Amino acid sequence: MAGKKHESDSAYLRATLLGLGLLLVLRIGFLVAAPLNLYADEAQYWRWGETLDWGYYSKPPMIAWVIHAVTALFGNGEWAVRLAAPFLHTTGAVFLFLLGRAMYDARTGMFAAFGYALMPAVILSSAVISTDGVLMPFWCAGLYAFWRLRSGEGRWASAVGLGVAVGAGFLSKYAMLYFLIGTGLTLVLDKDTRRALVSWRGLVALLVAAAIFAPHMAWNAANDFKTVSHTVDNANLGGELFHPEHALDFLVDQMGVFGPISLISLVFGLFVMRRSDEGLMGRDRWLLCFVIPVLVIILAQAVISRANANWAVTAWPAASVLVAAWLIRAQPNRSLWFWIAGLTFVALLLAPDLDLWLRVLIGGAIAASMLGFGHYQAYRPAGLLWANLTAHALLALFFVTVALLPADMSTELGFDNAQKRTRGWDIAAADVFQKAAEMGATSVLVDEREVWHGLDYYARDRTLPLLSWRRYGVPKSFSETVPLAAPLDEKVLVVSLHAEMRPMLRSDFNTFDSVGEIAIPLGTRGNGCPITRRFHLYLASGFTPDLHDDAWEKRHAGQSEFPSPPCPAPKDQ
């Protein structure tokens with residue numbers, strides 16, 4: 001029996017590595033072939049990576065270090081800036097295989113790894129470089145090292161590995177704090193965890209994590225805690241509070257992040273999965289300590305103020321293992337298949353940027369296929385794991401196809417709006433700096449952080465300074481770090497995206513003359529209206545800003561210059 005189990009484990013390991021390896025190759029190929037420009041955050045992280053430090057304006061340093069390491073080898077092309085992303089997620093998936101195998105069996109580990117690697121959020125995150133993507137391998141490695149330490153395996157190596165994973169995770173994103181919250185819950189609920197952590201090995205793990213993270217906190221202390229304060233600002237607790245309607249938005253968002261089949265299966269497991277085997281249930285509860293707190297905290301944040309869909313992403317690695325374990329050992333359940341098929345259809349009806357007929361067609365096809373497969377599987381829940389992977393693989397294929405479509409076909413199918421943030425920055429940068437050279441400008445000033453980062457990356461070989469206007473008088477983003485001052489204000493080419501900010505900009509200069517506009521076509525909306533990134537240009541000099549206080553804001557309220565003309569409604573509406 002032991003020999004057969006070893007052969008089975010080896011087969012699942014080979015299948016996992018082969019599948020993840022193939023997926024990695026395909027993702028690298030997509031990065032090389034994709035015509036998508038960097039979006040603003042990616043360009044910002046690339047800029048940070050040009051100068052290595054222990055911290056940056058709004059994020060810890062790991063993402064800049066990773067980009068620096070890759071671009072130093074392969075250059076600054078878009079594919080190189082993003083190249084680490086698929087490798088990072090593949091590494092995270094491997095650790096989830098190891099975790100699933102250690103906690104349950106190799107079959108669970110395989111489904112957990114594939115479930116994570118094909119999760120909708122990971123499909124997208126493997127095509128861009130983001131702090132979530134950099135955090136995930138350390139989070140997954142931390143879960144695996146922590147379980148080994150809790151189980152008495154690896155001993156000192158597990159303790160050091162846990163400390164490295166937690167410390168590096170904090171250098172990637174402060175969301176690693178949820179790992180500590182989950183750890184605290186396991187201490188309360190699990191005696192084996194208490195025995196493992198309340199020990200010399202637990203102390204070593206803590207000291208290693210603290211030693212790795214300490215230089216970043218020292219950098220923060222020396223820089224007015226820029227990164228920490230920006231993270232606090234993101235919570236938006238100073239605005240209007242309490243929005244109960246956001247709870248439903250959060251649920252829909254998480255279906256898009258984790259996938260409707262996975263999310264509904266998780267909810268099913270929470271209310272249905274019960275066993276007398278305390279060993280299995282103890283493992284389930286241990287994993288739930290790294291799932292439930294994240295979801296509850298971000299849900300509360302969403303209701304109190306706001307929450308982006310990706311803020312709860314750290315719940316899903318442990319949930320990938322848990323859903324695989326639950327569905328493998330669950331009994332046949334016909335109702336579960338029908339519920340998941342129906343709710344998946346509803347979830348796809350809520351998908352953005354697709355015509356209703358296309359949503360109905362895709363949702364209906366997936367739901368019908370799922371029920372047919374469920375009948376073939378005699379409604380065994382384990383079959384949902386294959387259905388989930390198939391649906392997500394089709395989603396990945398759809399995403400790749402849309403991104404690689406010719407422009408005219410993308411417009412015809414209504415996908416232009418979804419891709420507008422990753423189009424036209426290369427053209428805009430060429431046009432803006434050509435205009436600046438023709439006019440003999442001493443600097444270029446923009447009024448939007450996304451514009452600054454887009455122009456910064458695509459005009460990275462420029463010699464002319466690029467600055468970002470400080471609407472609030474002090475820096476509110478990394479783009480505003482360098483102030484406009486003499487002699488750069490002798491002849492400033494102002495590149496304005498926002499009509500309502502132009503009167504404010506005008507008040508900051510002695511001369512402010514309109515010199516035309518640059519319009520970058522980005523496609524067409526579903527209602528037929530063109531999508532255009534329109535910059536109005538001014539030649540300005542003598543930067544003498546007023547005090548940007550509340551009175552100054554009120555003085556310019558409701559004013560605008562050269563607003564874009566409204567798009568007429570289509571004739572058939």
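Draft legend 1. View of unusual backbone geometry. In the segment running from Ala 486 into Pro 487, the intervening peptide bond is cis, with an omega of 5°. By the element assignment, Pro 487 lies in the loop between strand S2 (466–468) and strand S3 (492–496). A positive phi angle, near 50°, is found at Arg 155, a position not held by glycine. The residue Phe 562 is not glycine, and still its phi comes out positive at about 50°.

Draft legend 2. The arrangement of helix H8 (residues 131–150) in detail. The end-to-end C-alpha distance of H8 is 28 Å, a good match for the 28 Å that 20 residues give at a rise of 1.5 Å each. In terms of burial, H8 is largely enclosed, as 18 of its 20 residues are buried. Note on H8: the residue one or two positions beyond its end, Gly 152, has a positive phi of about 80°.

Draft legend 3. Representation of the packing of aromatic side chains in the model. Here the structure, examined in full by the defined rule, presents 31 aromatic pairs. Ring geometry for Phe 170 against Phe 213: centres 5.1 Å apart, planes inclined by 45°, an arrangement best described as tilted. Of the two residues, Phe 170 sits in helix H9 (residues 156–172) while Phe 213 sits in helix H12 (residues 200–222), which places them 43 residues apart along the sequence. Exposure class is identical for Phe 170 and Phe 213. Each is buried. A centroid spacing of 5.1 Å and a plane angle of 45° characterise the contact between Phe 179 and Phe 290, whose relative ring orientation is tilted. Of the two residues, Phe 179 sits in helix H10 (residues 177–189) while Phe 290 sits in the loop between helix H16 (278–288) and helix H17 (292–304), which places them 111 residues apart along the sequence. Look at Phe 179 and you get buried, because its relative accessible area is 1%. Its relative accessible area of 1% is what places Phe 290 among the buried residues. Taken together, the ring pairs connect Trp 139, Phe 146, Trp 147, Phe 179, Trp 286 and Phe 290 into an aromatic cluster. For Arg 201, the ring lying beneath its charged end belongs to Trp 156, and the centroid distance is 5.0 Å.

Draft legend 4. Representation of the side chain of Ser 479 within the structure. Along the chain, the position of Ser 479 falls in the loop between S2 and S3. Residue classification places Ser 479 among the buried residues on the basis of a relative accessible area of 3%. A distance of 2.8 Å separates polar atoms of two side chains, one belonging to Ser 479 and the other to Ser 477. Those residues in contact with Ser 479, other than ones at most four positions away along the chain, are Arg 449, Trp 452, His 453 and Ser 468.

Draft legend 5. Structural detail: empty space enclosed by the protein. Counted by the stated rule, this structure contains one cavity of 30 Å³ or more. As a volume, the largest cavity reaches approximately 90 Å³. The wall of the largest cavity is formed by Phe 111, Ala 112, Gly 115, Phe 258, Ser 262, Ser 320, Val 323, Ala 324, Leu 385, Asn 388 and Leu 389. Sorting the residues of the lining of the largest cavity by element identifies helix H6 (106–117), helix H18 (316–329) and helix H21 (382–404) as the ones contributing at least two each. Each residue belonging to the lining of the largest cavity can be placed in one class, and the counts come to seven nonpolar, four polar and no charged.

Draft legend 6. A look at helix H2 (residues 40–49). For H2, the buried fraction is high: eight of the 10 residues fall into the buried class. Of the residues making up H2, those classed as buried are Ala 40, Glu 42, Ala 43, Gln 44, Tyr 45, Trp 46, Trp 48 and Gly 49. Here the buried face of H2 lies against helix H3 (62–74), helix H4 (78–82), H8 and helix H25 (449–458).

Draft legend 7. Region of interest: the packing of helix H15 (residues 260–272) against H18. At a closest axis distance of 9 Å, the pairing of H15 and H18 adopts a crossing angle of 65°. Between H15 and H18, the interaxial angle falls into the category roughly perpendicular. Judged by the twist between their axes, the crossing of H15 over H18 is left-handed. Contacts between H15 and H18 involve Ser 262, Leu 263, Ser 265, Leu 266, Gly 269 and Leu 270 on the former and, on the latter, Trp 316, Ala 319, Leu 322, Val 323, Trp 326 and Leu 327. Of the residues belonging to the contact of H15 with H18, the class tally is nine nonpolar, three polar and no charged.

Draft legend 8. Focus on the state of the cysteines. A full pass over the atoms with the stated rule returns one disulfide. Two residues share a disulfide in this structure: Cys 529 and Cys 567, whose sulfurs sit 2.0 Å from each other. Taking the sign of the S-S torsion, about -95° here, the bridge from Cys 529 to Cys 567 comes out left-handed. One end of the pair, Cys 529, is in the loop between strand S4 (509–524) and strand S5 (530–543); the other, Cys 567, is in the segment after helix H27 (550–556), with 38 residues separating them in the sequence. In this structure Cys 567 comes out as partly exposed when scored by relative accessible area, which is 37%. Unpaired in this structure, Cys 140 has its nearest cysteine sulfur neighbour in Cys 289, at a distance of 17 Å.

What counts, and where the lines are drawn
- All residue numbers here refer to positions counted from 1 along the written sequence of the relevant chain.
- Only residues with pLDDT of 70 or above have their local features reported here, since the model is predicted, and side-chain atom pairs are shown and tallied only from 80 upward, although totals for entire chains, interfaces and linings are computed over all residues.
- The basis for every side-chain value is the complete set of heavy atoms in the structure, and neither hydrogens nor water enter the calculation.
- In this description a helix means any DSSP run of H or I spanning at least four residues, a strand means any run of E spanning at least two, and both kinds are numbered starting from the N terminus.
- Expected helix span is taken as 1.5 Å per residue step, with the number of steps being one fewer than the number of residues.
- Note on exposure labels: buried denotes an accessible area under 20% of the residue type's maximum, exposed denotes more than 50%, and partly exposed covers the range between, all computed with a 1.4 Å probe on protein chains only.
- Here is the rule: rings of Phe, Tyr and Trp (six-membered ring for Trp) pair when centre to centre is within 6.5 Å. Planes less than 30 degrees apart are stacked, more than 60 are edge-to-face, and the remainder are tilted.
- In this scheme, Lys NZ or Arg CZ marks a charge over a ring once it lies within 6 Å of the ring centre and within 35 degrees of the ring normal.
- Any pair of N or O atoms that falls within 3.5 Å is considered a polar contact. Within protein, one atom must be able to donate a hydrogen and the other to accept it, and sequence-neighbouring residues count only if both atoms are side-chain atoms.
- Contact criterion: two residues are considered in contact whenever any of their non-hydrogen atoms come within 4.5 Å of each other.
- Every definition here rests on a 1 Å grid over the protein atoms only: cavities are sets of points where a 1.4 Å probe fits but cannot get out, pockets are open sets enclosed by protein on both sides within 12 Å along at least five of seven lines, and lining residues have some atom within 4 Å of a point.
- Grid points are joined across faces, edges and corners, and a volume is the space filled by probe spheres set on the points.
- Three residue categories are used. Nonpolar comprises Ala, Val, Leu, Ile, Met, Phe, Trp, Tyr, Cys and Pro, charged comprises Asp, Glu, Lys and Arg, and polar comprises the others, including Gly.
- Structural elements are reduced to axes, namely lines fitted to C-alpha atoms, with helices fitted over the stretch in contact, and the angle between N-to-C directions of any two is expressed from 0 to 180 degrees.
- An angle below 35 degrees is read as roughly parallel, one above 145 as roughly antiparallel, one from 65 to 115 as roughly perpendicular, and any other as oblique.
- Crossings are sorted by hand: turned counterclockwise from the far helix by less than a right angle, the near helix makes the crossing left-handed, and turned clockwise it makes it right-handed.
- Note on terminology: pairs of cysteine sulfur atoms within 2.5 Å are recorded as disulfides.

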